[in-house]
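# Summary of structural features
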Amino acid sequence: MKLKKKDRQEQLNQAIEQTPFITDEELAEQFQVSIQTIRLDRMELGIPEVRKRIESVAQENWDETLKALPADEVIGEVIDLELDQSAISILDIQAEHVFSRNHIARGHHLFAQANSLCVAVIDDELALTVNASIQFKRSVRLNERVVAKAKVIHTDKKRTTVEVNSHVEKELVFSGTFEMYRSTD
């Protein structure tokens, strides 16, 4: 049974508060209405689209925390960060990220998302990639959302090792181990 507009909008607002990065498509499926209905509801409620919500959270939370590079130089949007521990970023694959003939994402965008996340997670003014061992597990296509998760696995002297796994939904699409140089011990 479909909800009345007022009830749907109340539940929509709650759903977005609980999961700020939920897409209009996911909301439409959850509420069993069209994507256009969700967009109209959001507009009436003054709730921005998911991309704007992600950018807002990133700017509010990470501009002052990031040390090794500014937030606008991270490829993707940082949504979680614990310096020298872990970090998560989201990259929505758009037309500028893909080959025009087959709509498959260029690998350097996935690498750049992972590598910049490794730099961002380092609690230092200077962090540089020394070495990286990476694997592309499957092609990523236009309009897919890549969630990269970085985890610091080892730190000694001026080196930090970071593992990154990137997923589209629950499927692993990229993995890498990055050895990072840091200027302080």
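Residues numbered from 1 in each chain as written. Predicted model: local features only at pLDDT ≥ 70, side-chain atom pairs only at ≥ 80, totals over all residues. Heavy atoms only, no water.

Time to look at the overall build of the protein chain. Of regular secondary structure, the protein chain possesses 5 helices and 6 strands. Each helix and strand of the protein chain, ordered N terminal to C terminal, gives the series α-α-α-α-β-β-α-β-β-β-β. Counting only residues that meet the buried cut, the protein chain has 39% of its 185 residues in that class. Total accessible area computed for the protein chain in this model is approximately 10,700 Å², and 47% of it derives from carbon and sulfur atoms. (Helix = DSSP H or I, 4+ residues; strand = E, 2+ residues; numbered from the N terminus. Buried < 20%, exposed > 50% of the residue type's maximum accessible area, 1.4 Å probe, protein only. Areas by Shrake-Rupley, 256 points an atom, 1.4 Å probe, with all protein chains shown as cover.)

A few words now on the pairing of strand β6 (residues 171-182). Relative to β6, strand β3 (residues 127-136) is paired through 9 bridges, and the arrangement is antiparallel. Along β6, the bridge assignment pairs leucine 128 with tyrosine 181. The hairpin turn running from strand β5 (residues 159-168) into β6, its antiparallel successor, is 2 residues long, and glutamate 169 in that turn takes a positive phi close to 55 degrees. (Pairing = 2+ DSSP bridges.)

Under the feature "domain: HTH deoR-type" (unreviewed entry), the UniProt entry names residues 8-44. Structurally, residues 8-44 comprises 78% helix and 0% strand, and the distance from its first C-alpha atom to its last is 12 Å. (UniProt positions renumbered as here; feature names shortened; annotations may be inferred.)

For the coordinates displayed, the defined rule picks out 2 aromatic pairs. With 5.7 Å between their ring centres and 40 degrees between their planes, phenylalanine 111 and phenylalanine 178 make a pair best called tilted. Residue phenylalanine 111 is found in helix α5 (residues 107-121), and its partner phenylalanine 178 is found in strand β6; the two are separated by 67 residues along the sequence. Residue phenylalanine 178 is classed as buried on the basis of its relative accessible area, which comes to 0%. Between phenylalanine 136 and phenylalanine 174, the aromatic rings sit 5.3 Å apart at their centres with planes inclined by 65 degrees, giving edge-to-face as the arrangement. One end of the pair, phenylalanine 136, is in strand β3; the other, phenylalanine 174, is in strand β6, with 38 residues separating them in the sequence. Looking at arginine 101, its charged tip hangs above the ring of phenylalanine 99, at a distance of 6.0 Å from the centre. A cation over a ring is seen here: arginine 106 above phenylalanine 99, with NZ or CZ 4.9 Å from the ring centre. (Phe/Tyr/Trp six-rings, centres within 6.5 Å; stacked < 30°, edge-to-face > 60°. Lys NZ or Arg CZ within 6 Å of the ring centre and 35° of its normal.)

To continue, consider the nonpolar core. Counting residues in hydrophobic clusters, the biggest one holds 29 residues, and the most contacted among them are Val140, Val146, Val162 and Val164. Put simply, the parts of the chain that give this core at least two residues each are β1 (77-82), β2 (86-92), α5, β4 (145-156), β5 and β6. Ranked by residues supplied to this core, first place goes to α5 with 7 residues. Apart from the residues lying within four places of it in its own chain, the contact partners of valine 140 are Ile93, His103, Ile104, Ala105, Leu110, Val146, Val168 and Val173. Grouped together as the second largest cluster of nonpolar side chains are 10 residues, Leu12, Leu27, Ala28 and Ile38 included. (Core = buried A, V, L, I, M, F, W, Y, C linked by side-chain atoms within 4.5 Å. Contact = heavy atoms within 4.5 Å.)

Moving on to the pairing of β2. Of all 7 residues that make up β2, 6 are buried, and the element is covered over most of its length. Linking β1 back to β2 in an antiparallel pair, the connection comprises 3 residues, with aspartate 84 at a positive phi of about 60 degrees. The sheet contact formed by β2 and β4 spans 7 bridges and is antiparallel. By the bridge assignment for β4, isoleucine 88 is matched with lysine 149.

With that settled, consider the environment of arginine 145. As for its position among the elements, arginine 145 is in strand β4. With 53 residues separating them in the primary sequence, arginine 145 and aspartate 92 have C-alpha atoms 4.4 Å apart. Polar contacts involving the side chain of arginine 145 include one to the side chain of aspartate 92, which spans 2.7 Å. (Polar contact = N/O pair within 3.5 Å; in protein donor to acceptor, adjacent residues only side chain to side chain.)

For aspartate 84, which is not glycine, the phi dihedral falls at a positive 60 degrees. Residue placement: aspartate 84 occurs in the loop between β1 and β2. The phi angle at lysine 157 is positive, at roughly 45 degrees, despite the residue not being glycine. With relative accessibility at 70%, the residue lysine 157 sits in the exposed group.

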